Amino acid sequence: MGVDPGGLAMAALTVAAAAIPDAVKLQVKRHDPSWTESARLWCALIGSPSTKKSPTISVASAPLRQIDDGLLRSYVDRMADWERMDKAQKAATPPPRQERTRIEDVTVEAAQQVLTDNEQGLLLIRDELSAWFGSMEKYGSSKASASDRGFWLQAFNGGSYAVNRVGRGAALVPNLSVSLLGGIQPEPIRAISKDLADDGLMQRIVPICLGPARVGTDAPSGSEVGDYRDAITCMRRMRLRGDTLRFSDGAHEIRAKREKRHHELAMAWETVNRKIGAHLGKYDALFARLCIVFHCLETRGDMPANEISADVAERVAAFIDEYIYRHLLAFYANVLGTADDQDKVTAVAGYILAHRLESISVSEARRGDRKMRQMAEDQAQEVLAQLDAFGWLTPTAPGARNAKSPRYKVTAAVHAMFAERAAAEARRREEVRAIIADGN
């Protein structure tokens, strides 16, 4: 296909998560039966049109689409038979259930109707996630907009959902559970991130920044395509021997270490970007959900073992660290801009490089270019703290991070790593000064 293989793999894992019935639950902690997770993932493939987002989504979701096509044809036939019944027969016979595996371009109201008959969860497929985000903002800041976002936030968590609509009365969705697979270009997601209500919706999505695509080859598919189709079909039938999956003793140790690592990462990143910190706050649940997916994918038959092994937990931990976490940082750094005050951080970093500073204080940080001069003292202090978090700066005295206005030493390696950038920044500043001088 010529697509990014990592993006295709993550899309396939998301489809696998959607195929696993929600009844397959994992009790995350030994002594807390109230915390269970089902295999439910939200994934966004981010890239320009040339990265082949749509073909990736289409191929990954093909087995589940095929199952859904058969279910939908069956439902249409059964519904036609029910419609042909006379009034007495209809009163004695409930209408057929609409069993499905996927939804696509659907409103919240339509999704509620489909989910009423599908307690085991569905896959929402959106080639263009910008339309999905946009549908939540169609009412602006009204209660309806908040209600739609609340619906999708609940769909990530699962559980019962009460529906009250004017003219339709009350209804209950027994289990509001939706996995999400979609694509979006960098420019729309950047704009959406700025305007979207800060309610954690974005932080529930695993962002995958696609690498460049290449021209595919006209060659026969391997046996892996059939193996994948069979695995998705098998997982749709999965059931447990007991009430819940559990971690083995070794897997519990790995999970505890992950919880500590996720907490430390979230705390560290909150000083730089609160949204990254919030994203990392979802990683305990993400770890558990991926463990279910890996465990079920490697099950022979439709009844997985009750214990998730340390080997599975170890590989999921590595997958999060070496793939998902790196894409998270790439998403915020390259697509959204890593720091909350990205333009100010960039301005101060450029000033440090252009002047080859060996140290810097708050007052010096406020004497650079226009953006820097516009900073208040507390803003300048926050920018230097963010550069400290990035490893650019180090307080010159022990405990200085807690001081009101510490002086920071510039990490020597910064000038070596960004020598070319420093030269370009110095030229840019000289050109600006020359233009201003000519204008006077």
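Look up: the structure comes first, before these words.
Overview of the structure. Note that this is a predicted model, so its numbers are computed, not measured. (Residues numbered from 1 in each chain as written. Predicted model: local features only at pLDDT ≥ 70, side-chain atom pairs only at ≥ 80, totals over all residues. Heavy atoms only, no water.)

### Things to note about the pattern of salt bridges
In the structure shown here, the tally under the stated rule is 20 salt bridges. Asp68 is the partner of Arg100 in a salt bridge, and the nearest nitrogen-oxygen pair spans 2.9 Å. Here the residue Arg100 occupies a position in the loop between helix H3 (87-92) and strand E4 (102-103), and Asp68 occupies one in helix H2 (residues 53-83), the gap between them amounting to 32 residues. Between Arg239 and Asp302 there is a salt bridge whose closest N-O contact spans 3.1 Å. Residue Arg239 is located in the loop between helix H8 (223-236) and strand E10 (246-247), and its partner Asp302 is located in the loop between helix H11 (283-297) and strand E11 (307-308); the two are separated by 63 residues in the primary sequence. For Asp302, a relative accessible area of 22% gives the class partly exposed. (Salt bridge = Lys/Arg side-chain N within 4 Å of Asp/Glu carboxyl O. Helix = DSSP H or I, 4+ residues; strand = E, 2+ residues; numbered from the N terminus. Buried < 20%, exposed > 50% of the residue type's maximum accessible area, 1.4 Å probe, protein only.)

### Thoughts on the sheet that holds strand E14 (residues 408-410)
For sheets, the rule is that strands pair by backbone hydrogen bonds, running either parallel or antiparallel. On the basis of which strands lie adjacent, the open sheet formed by three strands has the order E12-E14-E13 and antiparallel pairing. Each end of this open sheet is capped by a strand with a single partner; those strands are strand E12 (359-360) and strand E13 (393-395). Sheet topology note: the E12/E14 ladder contains two bridges and is antiparallel. Bridging across to E14, Ser359 finds its partner in Lys409. (Pairing = 2+ DSSP bridges.)

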